[in-house]
Each structure stands twice: as C-alpha cells, then as structure tokens.
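Here is how the chains run, residue by residue.
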Amino acid sequence: MKQDLRGEKSLEAWGFVRKVLDDLTQQITADARSERELLEGLRLLNRVSALCTELTVDTDPDHPHFVAMCTPFRFVGGPNPHGAYWLAMIAGDRAYRLTGTRGTSTYLGLQVLAGTGLNPRRMSNYLGDRDLVLDGTDGFNIVFAATRPDDADLAGAQLVQIPDDTSSIVVRDYIADPDTQVPATLHITRLGTPTPPPVLTDELLADQLTAMGWTMVKLTTLHRTVRPDLLETPNILITSGSESLGGENTTPDNLYMLGLFDLQPDQTLQLQFRPPETRYWSVTVENIWHECLEPLVRHSSVTNRGIEPEADGTVRLAIGARDHGYGHWLDTGGRTRGFVTVRWLDNPQAPDVTVRVLDAKAP
C-alpha cells in the first residue's frame, strides 16, 4: 500500500528551481548574440546546476568538506584559472578546525562568508597568507568559532572569530608557475561530539533547494550584475576595487580591471602597460557568461610568470581570434565578444593601460 506522500515544502521549492531554470533559459536566449553564445549559455546553465547541487543539496555543516569550485571543464563565475577555489559550508553556531600545509603557491586567502537563507552574503572575516601562522613544517592550524574552544589541544591554534550567521569558508590558492609551485593542502572538521548524518526532512530539503535556485541565479547572471555598464562600453578597461564588485565575490587584497571585448574576426584588442611591483598579476579572457575559455587546453590566460616584459619593461598582450603579431597572444577561440579580467594582487597603484583595437596587418 502506498504511503501518504507529502513533502509539500520540497515540492514547492523544486517548483521554484524549475522556474529558475526556465527563466534563466529565456534570459540566455535573449542575451545571446549568436548561436555559439546561446549554446555556451545553455551549457553554462548545466554546469552551474551541477556546482550548485554540490554547494547546497550535498552539504552538511556537521560533516564539512571542501568543494572544488573549478574542474578541468568547469570555470564558471569568472574565476582565476591559475589556481584553485575551494568552498566549505559551515554554520556559525558550531566550531571548526582547519589544518593543512601552506605549500609554495604565490597567494593563499581564506574568506568567511556570512548570511543565511535569503539574506545577502557578505564577507565577515578574511585571513591572507601574510597573516597566516605557520609551524616549523609549513603547516597551519586554524579554529573558526565564535569563541576559542576550551580544549588544551587547540591552545596554540590561530583563532578566527565568526558571526552567528556564518555560512561558508572560501579558499583561493593562486599558482603563478604550475611547473614549480606546490598548492596548499586543506582538511576541515567540526569540533565537538561527532553526530550522525541528519535524517532528510521536508524542511531541510526545501531550504537546500531554495538555496540552490538562488545560487544558480547569481552565477548565471554575472554579466548583468557585475559592472553591467561594460556591455555598453566595449573595448575599454575599468578599474574596480574589491568593494565595488561585492565583498562576497572578491578579497580585499585584489585590485581588478574589467572590460568587454567586442571585435570583428580579424581584429585584435591590444593591452599595453608597465606592471606595478607586485608578486602576482594575471590577465584572463572569458566568454560573455563569465566562463574562462578552456584554460587547460587554450592559451586564454597568463600570469606575470608566463610573460617576459620587453626591454623597457612594457608588456603587450593581444586578445583575439588569431595571432596577428601585436603582442603576447591570448586566444579567444574564435569568439568575438567576451570579458577581460586583470588581477593585481596586494592592491598596488593601478598602472596606466593603453587599450587599442587593431586590424589585421596587411600581408
């Protein structure tokens, strides 16, 4: 005999997710300028759905784990492809221990995001690698909690005091030279008495599905929400501090330059500048949906370790579908429209960047 099926809240939340998918499909169709942009937008929606499932439905703050935001095929949300982004869902009324090794990457940043339910996310805490306390073997031992736990084993741990509405920890690990640098390692556990996995309830799943839907909206609409003015002013770069891009999206020690390239098939967008004194910078090309362009198989992004300035210290980058000899070429893969993101670490004084659209050289 069939049992009484209810799950009203979860069915309603799943209906919301389905509506989000339909609405985002319509938006992608309206915003795409070509069949290629449409197809990449639909593929983005699938990739975002997979990621958001990992970040909402497949989480338990009593048994936290780090989710890889990027994979060999998934680079959504305008990430820096030269490195790794890790996210662990936690709760502010619990305490956690994060251990690992620093490695030799150029930059490691730990960011605590707060805000639960439908409340906007914000950055509540930030711990950069220069403030990270290391032991004699390159290891770190960090406690995330409202107050220091009364545990002798944790007396020497570095404390990060988190608010009641804490929702996640985001880790950024930048690799300037993948041939020589070693990434950080991470392991997170909840402190206190172990608990069994929770029984799935209608309320729990409904909350997870609702969070999934809203996260899908956020990651699929970045072209409309992060400096949407760029869509109307192509082929220039605009300097933006982390605060203007949203504290939940960036860290305070990064300075950004953003722009939209809009080119004919034989045109090149040339960037010319003298890099400031900083340990890390990168230039990345993205499609119109803020996806990196196949960075593992296409040279569409470069760091300061991947390019040698000219004799006068000038760097010339050439963004386009073909290499016409105007500088270090970043391949758009035939795309004629998309975004350019320049990252300067440690908040240096933004350099003057000359941006020019150049036609193909005569044979």
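Computed from a predicted model, the values in this text were never measured in an experiment.

Peer 1: I'd like to hear about the overall build of the protein chain, residue by residue, with values.
Peer 2: When you go through the protein chain residue by residue, the secondary structure sums to five helices and 18 strands. Rg of the C-alpha trace for the protein chain: 22 Å, near the compact-globule value of 21 Å for 363 residues, within the 12% margin. Dimensions along the principal axes, computed over C-alpha positions, put the protein chain at roughly 75 × 60 × 30 Å. Burial status across the protein chain gives 49% buried among its 363 residues. In the structure as shown, the protein chain presents an accessible area of about 17500 Å², 53% of it carried by carbon and sulfur atoms. The positive charge centre, built from 33 side chains, and the negative charge centre, built from 48, are 3 Å apart in the protein chain.

Peer 1: Give a detailed account of the pattern of salt bridges, specifying residues and quantitative values.
Peer 2: All told, the structure shown has 24 salt bridges when counted by the stated rule. A salt bridge links Glu40 to Arg43, with the shortest nitrogen-to-oxygen separation between them at 3.9 Å. In this pair, Glu40 and Arg43 are both assigned in helix 2 (residues 35–57), three residues apart and thus about one turn of the helix distant. Judged by relative accessible area, Arg43 falls into the partly exposed class, the value being 36%. Note that Arg322 and Asp266 form a salt bridge whose closest N and O atoms lie 2.8 Å from each other. On the criterion of sequence distance, the pair formed by Arg322 in the loop between strand 15 (315–320) and strand 16 (328–331) and Asp266 in the loop between strand 11 (254–262) and strand 12 (268–273) is long-range, its members being 56 residues apart. Among the residues examined, Arg322 registers a relative accessible area of 44% and is labelled partly exposed. Connected through salt bridges with shared partners, the residues Arg36, Glu40, Arg43, Glu294, Arg298, Asp331 and Arg335 form a single ionic network.

Peer 1: Account for helix 2, with residues named and values stated.
Peer 2: For helix 2, which comprises 23 residues, the first-to-last C-alpha distance of 32 Å matches the rise-based estimate of 33 Å (1.5 Å per residue) to within 8%. Turning to helix 2, its buried residues are Glu37, Glu40, Gly41, Leu44, Leu45, Arg47, Val48, Ser49, Leu51, Cys52, Leu55 and Thr56.

Peer 1: If you had to explain the sheet that holds strand 8 (residues 166–174) to someone new, which residues and values would you point to?
Peer 2: Pairing is antiparallel across the open sheet formed by five strands, whose spatial order is 1-2-8-4-5. Both edges of this open sheet fall to strand 1 (67–68) and strand 5 (122–128), since each of them pairs with a single strand only.

Peer 1: Could you give an account of the packing of aromatic side chains, naming the residues involved and the relevant values?
Peer 2: On inspection of all chains with the given rule, the structure shows six aromatic pairs. Judged by centre distance (5.4 Å) and plane angle (80°), the rings of Phe273 and Trp281 are edge-to-face. Ring centres of Trp281 and Trp344 lie 5.9 Å apart, and the angle between their planes is 45°; on these two criteria the pair is classed as tilted. With a gap of 63 residues between them, Trp281 in strand 13 (residues 281–286) and Trp344 in strand 17 (residues 337–345) connect regions that are remote in the sequence.

Peer 1: Any chance you could break down the sheet that holds strand 3 (residues 96–101) for me, citing the residues and the numbers?
Peer 2: Spatial ordering of the open sheet is given by 7-6-3-9, a layout of four strands whose pairing is mixed. Here the strands that pair on one side only, and so sit at the sheet edges, are strand 7 (158–161) and strand 9 (185–190). Mean inter-strand twist for the sheet, computed between neighbouring axes without regard to direction, equals 20°. In the sheet, strand 3 pairs with strand 9 via six bridges, with the strands oriented antiparallel. By the bridge assignment for strand 9, Tyr96 is matched with Arg190.

Peer 1: So what's going on with the layout of surface pockets? Residues and values would help.
Peer 2: Volume-wise, the second largest pocket comes out at about 510 Å³. Lining the second largest pocket are 26 residues, and of these Pro81, His82, Gly83, Ile175 and Pro178 lie nearest its centre. For the lining of the second largest pocket, the secondary structure elements donating two or more residues are strand 2 (83–89) and strand 14 (301–303). Here the residues of the lining of the second largest pocket are counted per class, giving 14 nonpolar, nine polar and three charged.

Peer 1: So what's going on with the nonpolar core? Which residues, and what values?
Peer 2: Grouped burial of nonpolar side chains is what soluble globular proteins tend to show. Core analysis: the largest hydrophobic core is formed by 41 residues, its most contacted members being Val48, Leu51 and Met216. Among the secondary structure elements, those contributing two or more residues to this core are helix 1 (8–31), helix 2, strand 2, strand 4 (107–114), strand 8, helix 3 (202–220), strand 11 and strand 17. Ranked by the residues each element gives to this core, the list is headed by helix 2, at six residues. The residues touching Val48, leaving out its near neighbours within four places in the chain, are Val76, Met216, Leu219 and Thr220. Ranked by size, the runner-up nonpolar core spans 21 residues in total, among them Phe261, Leu271, Ile307 and Val315.

Peer 1: Outline the packing of helix 1 against helix 2, supporting the account with residue identities and numerical values.
Peer 2: Contact geometry of helix 1 with helix 2 gives a least axis separation of 9 Å together with a crossing angle of 155°. On the basis of their axis angle, the class for helix 1 and helix 2 is roughly antiparallel. Seen from above, helix 1 lies across helix 2 with right-handed handedness. Of helix 2, the residues touching helix 1 (which contributes Leu21, Leu24, Thr25, Ile28, Thr29 and Asp31) are Glu37, Leu38, Gly41, Leu42, Leu45 and Ser49.

Peer 1: I'd love a proper account of the environment of Ala321, names of residues and values included.
Peer 2: Within the fold, Ala321 resides in the loop between strand 15 and strand 16. We classify Ala321 as partly exposed; its relative accessible area is 21%. Along the backbone, Ala321 and Asp266 are 55 residues apart, and their C-alpha atoms lie at a distance of 7.1 Å.

About the thresholds
Residues numbered from 1 in each chain as written. Predicted model: local features only at pLDDT ≥ 70, side-chain atom pairs only at ≥ 80, totals over all residues. Heavy atoms only, no water. Helix = DSSP H or I, 4+ residues; strand = E, 2+ residues; numbered from the N terminus. Rg over C-alpha atoms; globule rule 2.2 N^0.38 Å. Buried < 20%, exposed > 50% of the residue type's maximum accessible area, 1.4 Å probe, protein only. Areas by Shrake-Rupley, 256 points an atom, 1.4 Å probe, with all protein chains shown as cover. Lys, Arg positive; Asp, Glu negative; His and termini not counted. Charge placed at Lys NZ, Arg CZ, Asp CG, Glu CD. Salt bridge = Lys/Arg side-chain N within 4 Å of Asp/Glu carboxyl O. Expected span 1.5 Å × (residues − 1). Pairing = 2+ DSSP bridges. Phe/Tyr/Trp six-rings, centres within 6.5 Å; stacked < 30°, edge-to-face > 60°. Axes fitted to C-alpha atoms, helices over the stretch in contact; angles between N-to-C directions. 1 Å grid on protein atoms, 1.4 Å probe; cavity = no way out; pocket = protein on both sides within 12 Å on 5 of 7 lines; lining within 4 Å. Points joined across faces, edges and corners; volume = space filled by probe spheres on them. Nonpolar A, V, L, I, M, F, W, Y, C, P; charged D, E, K, R; others polar. Core = buried A, V, L, I, M, F, W, Y, C linked by side-chain atoms within 4.5 Å. Contact = heavy atoms within 4.5 Å. Parallel < 35°, antiparallel > 145°, perpendicular 65-115°, else oblique. Left-handed = near helix turned anticlockwise from the far one by under 90°.

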